[in-house]
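Take a look at the letters that make up each chain.
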Amino acid sequence: MSTQAQVAVPDKVSRRFTSVGYGLIGLAVVLGGLGLLLIDAGRTTTYRLDQTVDSSWTVGTLPVVVTLSVLAALAGIAVLVMPDLRFGSVAVGGGAAALVIAALSWTVTPGVGFPIEFVLATTLFLSLPFIFGALSGVVAERSGVINLGIEGQFLTGAFTAALLASVSGNAYVGMLAATISGVCSTLLLAWLATRFQVNQVVTGIILNLLALGLTGFLYERLMRADGSLNQPAGVQKLGDSLGFLPDIPILGPVLFDQNIFVYVALACVFAVSFLLFRTRWGLRTRAVGEHPAAADAAGINVNRLRFWNVTVAGALSGFGGAFFTIANNVSFSKNMTAGLGFVALAVMIVGRWHPFGVLTAALLFGFSSALQRFLNTMPGNPIPTEFLGMLPYIVTLVMVAGFIGRAVAPAADGIPYTPGDK
């Protein structure tokens, strides 16, 4: 690599962080300035622990908004002074968090109280479909196949989970059925992508439409005709079996008073990360996703590995589909996934095709959804309900627009491979 090429990437990262730094400073100045002009000096904001202990803190809204705005501005200045990738990411995250907390302190109705434990626990729970869907995308795209059919896999998983859990009266049967349906729904994508080398984007879109139509048809013919087929057994939280752990302030409700889906999701994050970066399978998977010709020369059957990896990806997203029915203990309804499969793809991109990056990005999107739920029920909410409904999707656009330039997909992602190609 030439010296100019070596310098180009750091320069590009530096310019991007410079823009973000100025953006942080600008937002901090605007928020702090508006706070000084519009917030009454006597206004207060209350934060409370709402699930473990009866405790709350009331602080002046204006000092909090001004102080956090100053901290956000300092974070922006730090990014400008030291636009290093690792330090810059931490500074940007800290500055953004300061702005979000400042805006929340201003938004929360005085006297109502911001329920810290509820929002944090709900954040982790609502991040689950993003975790499963994005991990599915990671496994497939690290292999060189674009899995645009996550939305359809969610739908088929949700439908089969509700149907089989209702018939059997057992939630775990429904979860297993959702996993199998996810595998079945990706078999066609895997076969067409590896055997016939069709356009993977078009195939994914068609499979999404097929899942939407098929689940809608079966819902009308089966579940509408017999309501007992749409009463899935749910899963309970595990807090009662964990002793004193759920009673630990903040940490207890977030980590120790959740249902089994949360622990499966966290286990999948660690497992996929270990398998991708610490095993022979992971090395081969990354090889066929980056340079399939070199992997072929080393004796790896590229298309066979891609085929089976895509089916594994389908198992992850199919299980994630069970979240919409069994984890939430609700009946199936048409198009109930509401486009979250596509949001999961955005989570994968923001997470840079890395399992732990996916977890971080999913928590961000889960937080936006949890915040939407709280604000929708808060007395005196000043934000229109319609805008709150758009909040998770606005976050999607902002995050993808901010990170897509630095997120680099696997080199052979979406490119069919014929054995013997160079």
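Just so it is clear, the structure is predicted and the values come from calculations on it, not from any experiment.

Asks: Help me understand the pairing of strand β1 (residues 44–49), please; the structure alone is not making it clear to me.
Replies: Remark: a regular strand shows side chains that alternate across the two faces of the sheet. Here β1 runs beside strand β2 (residues 55–60); their pairing, made up of six bridges, is antiparallel. By the bridge assignment, Tyr47 is partnered in β2 with Trp57. Taking the residues that link successive antiparallel strands as the turn, the β1-β2 hairpin has five residues. By the bridge criterion, two bridges tie β1 to strand β3 (residues 114–115) in an arrangement that is parallel. Note that in β3 the partner of Arg48 across the bridge is Pro115.

Asks: Before we go on, may I ask you to explain the environment of Thr418 in this structure?
Replies: Turning to its location among the elements, Thr418 is positioned in the segment after α16 (385–403). When the C-alpha positions of Thr418 and Val330 are compared, they lie 45 Å apart, and in sequence the two are 88 residues distant.

Asks: Explanation requested: the pattern of salt bridges in the structure shown.
Replies: Side-chain pairing between opposite charges can occur once the charged atoms of the two side chains come close. Considering all chains together, one arrives at two salt bridges under this definition. Across the pair Glu220 and Arg224 runs a salt bridge, and its minimum N-O distance is 3.5 Å. Salt-bridge contacts for Glu220 lead to Lys334; the nearest nitrogen and oxygen are separated by 2.8 Å. Remark: Lys334 occurs in the loop between α13 (302–321) and α14 (340–350) and Glu220 occurs in helix α8 (residues 200–223); sequence separation between them is 114 residues.

Asks: Would you take a moment to explain the packing of aromatic side chains for this structure?
Replies: For the structure on display, the rule yields 13 aromatic pairs. A ring pair is formed by Tyr47 and Phe114, whose centres lie 5.8 Å apart and whose planes are at 70°; its orientation type is edge-to-face. In this pair, Tyr47 sits in strand β1 while Phe114 sits in strand β3, placing the two residues 67 residues apart along the sequence. For the pair shown, Tyr47 and Phe114 are each scored as buried. On the numbers, 5.0 Å between centres and 85° between planes, the contact of Trp191 with Phe196 is edge-to-face. Judged by relative accessible area, which is 42%, Trp191 ranks as partly exposed.

Asks: How should I be thinking about the nonpolar core in this particular structure?
Replies: Where a protein is soluble and globular, its nonpolar side chains tend to be buried together. Counting 82 residues, the largest nonpolar core has Phe114, Leu128, Leu135, Phe261, Ile326, Phe332 and Val347 as the members making the most contacts within it. Residues in contact with Ile326, not counting those within four places in the same chain, are Ala161, Ala165, Ala171, Gly174, Met175, Ala233, Gly234, Val235 and Phe261. Ranked by size, the runner-up nonpolar core spans twelve residues in total, among them Leu24, Val65, Ala72 and Ala98.

Asks: Please clarify how α13 should be interpreted in this entry.
Replies: Structural remark: α-helix, 3.6 residues per turn; residues separated by three or four positions point the same way. Taking 1.5 Å per residue, 20 residues should reach 28 Å; α13 reaches 29 Å between its end C-alpha atoms and fits that length. With 17 of 20 residues buried, α13 is to be regarded as a mostly interior element.

Reading the values: rules and limits
- Counting restarts for each chain, with residues numbered from 1 along the sequence as it is written.
- Only residues with pLDDT of 70 or above have their local features reported here, since the model is predicted, and side-chain atom pairs are shown and tallied only from 80 upward, although totals for entire chains, interfaces and linings are computed over all residues.
- Based on all heavy atoms of the structure, the side-chain values leave hydrogens and waters out of the count.
- At least two DSSP bridges between two strands are required for those strands to pair.
- Only runs of H or I of at least four residues qualify as helices and only runs of E of at least two qualify as strands under DSSP, and these elements are numbered from the N terminus.
- A side-chain nitrogen of Lys or Arg and a carboxyl oxygen of Asp or Glu constitute a salt bridge if their distance falls within 4 Å.
- Here a pair means two rings of Phe, Tyr or Trp (six-membered ring of Trp) with centres within 6.5 Å. Their orientation is stacked below 30 degrees between planes, edge-to-face above 60, and tilted elsewhere.
- Between buried and exposed lies partly exposed: a residue is buried under 20% and exposed over 50% of the maximum accessible area for its type, with that area taken using a 1.4 Å probe on protein chains only.
- Put simply, buried Ala, Val, Leu, Ile, Met, Phe, Trp, Tyr and Cys residues joined by side-chain atoms within 4.5 Å make one nonpolar core.
- Contacts: residue pairs with any heavy atoms within 4.5 Å of one another.
- Here the expected length of a helix is defined as 1.5 Å per residue gap, with one fewer gap than residues.

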